Amino acid sequence: MNPTPIEIKRQTTEGLTITWQDGATTTLSSELLRRECPCAACKEKRGDTTHAKPLTGKKRSLAIVDSSIKEETALQEIWGIGQYALGMRWADGHDTGIYPFSYLYELGEKQR
Ligand SMILES: [Zn+2]
């Protein structure tokens, strides 16, 4: 299946509402969107091992948290990428996540 949005609306209370071609709507909070950011760095942070990792690699002993949760989950800008995905920039400057429409649809289904 290849879900196609006909409308993407920013919510004033942070987040997105997507209306799909079949009439269904999906509302995703910005917190959820950031937590599920599909970029490699975020996947690794979440411990997703489906991504290739270096064979060796010491665990960093010092974790530097350089942005607050509030900044991380504040959606600043969204834009279309081709006909298949959305890009998003967060208040902490993070913008490498590419959210294919099918992925956004899936996130919405998971919430039900
Ligand atoms: Zn990310």
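Residues numbered from 1 in each chain as written. Predicted model: local features only at pLDDT ≥ 70, side-chain atom pairs only at ≥ 80, totals over all residues.

(A) Expanded view of the overall build of the protein chain. Helix and strand counts for the protein chain stand at four helices and six strands. Beginning at the N terminus, the succession of helices and strands in the protein chain can be written as β-β-β-α-α-α-β-β-β-α. Relative to its full complement of 112 residues, the protein chain shows a buried share of 15%. Counting contacts in the protein chain only where the partners sit at least 6 residues apart, residues at least 24 apart contribute 37% of the total. (Helix = DSSP H or I, 4+ residues; strand = E, 2+ residues; numbered from the N terminus. Buried ≥ 20, exposed ≤ 12 C-beta atoms within 10 Å, placed from the backbone. Contact = placed C-beta atoms within 7 Å.)

(B) Here's a closer look at the sheet that holds strand β6 (residues 98–100). Read across the sheet, three strands follow the order β4-β5-β6 without closing on themselves; strand pairing throughout is antiparallel. Taken across any chain shown, the strands that pair with only one partner, and hence form the sheet edges, are β4 (75–81) and β6. Neighbour-to-neighbour, the strand axes of the sheet open up by a mean angle of 30°, direction not taken into account. Where β4 lies against strand β5 (residues 85–90), six bridges are found, and the strand directions are antiparallel. What sits directly across from Glu-77, in β5, is Arg-89. (Pairing = 2+ DSSP bridges. Axes fitted to C-alpha atoms, helices over the stretch in contact; angles between N-to-C directions.)

(C) Summary view of the environment of Met-88. Mapped onto the fold, Met-88 is located in strand β5. Between the alpha carbons of Met-88 and Arg-34 there is a distance of 9.1 Å; along the sequence they are 54 residues apart. For Met-88, the residues in contact, after removing those within four places along its chain, are Leu-33, Leu-75, Ile-78, Asp-95, Gly-97 and Tyr-99.

(D) Expanded view of the sheet that holds strand β2 (residues 16–20). Within the open sheet, the three strands sit side by side as β1-β2-β3. Their pairing is antiparallel. The sheet is open, and its two edges are formed by β1 (5–10) and β3 (25–28), each paired on a single side. Strand-to-strand twist across the sheet, computed as the mean angle between neighbouring axes with direction ignored, equals 15°. Where β1 and β2 come together, five bridges link them in antiparallel fashion. Counterpart to Arg-10 in the pairing with β2 is Leu-16. Sheet contacts for helix α4 (residues 101–111): β1, β2 and β3; angle to β3, the most-contacted strand, approximately 80°.

(E) Spatial organisation of the confidence of the model for the protein chain. The share of residues in the protein chain with pLDDT of 70 or more is 81%, and the mean pLDDT across the chain is 85. By mean pLDDT, the top-scoring element of the protein chain is β6 (97), and the lowest-scoring one is helix α3 (residues 69–72) (84). (pLDDT = per-residue confidence, 0-100.)

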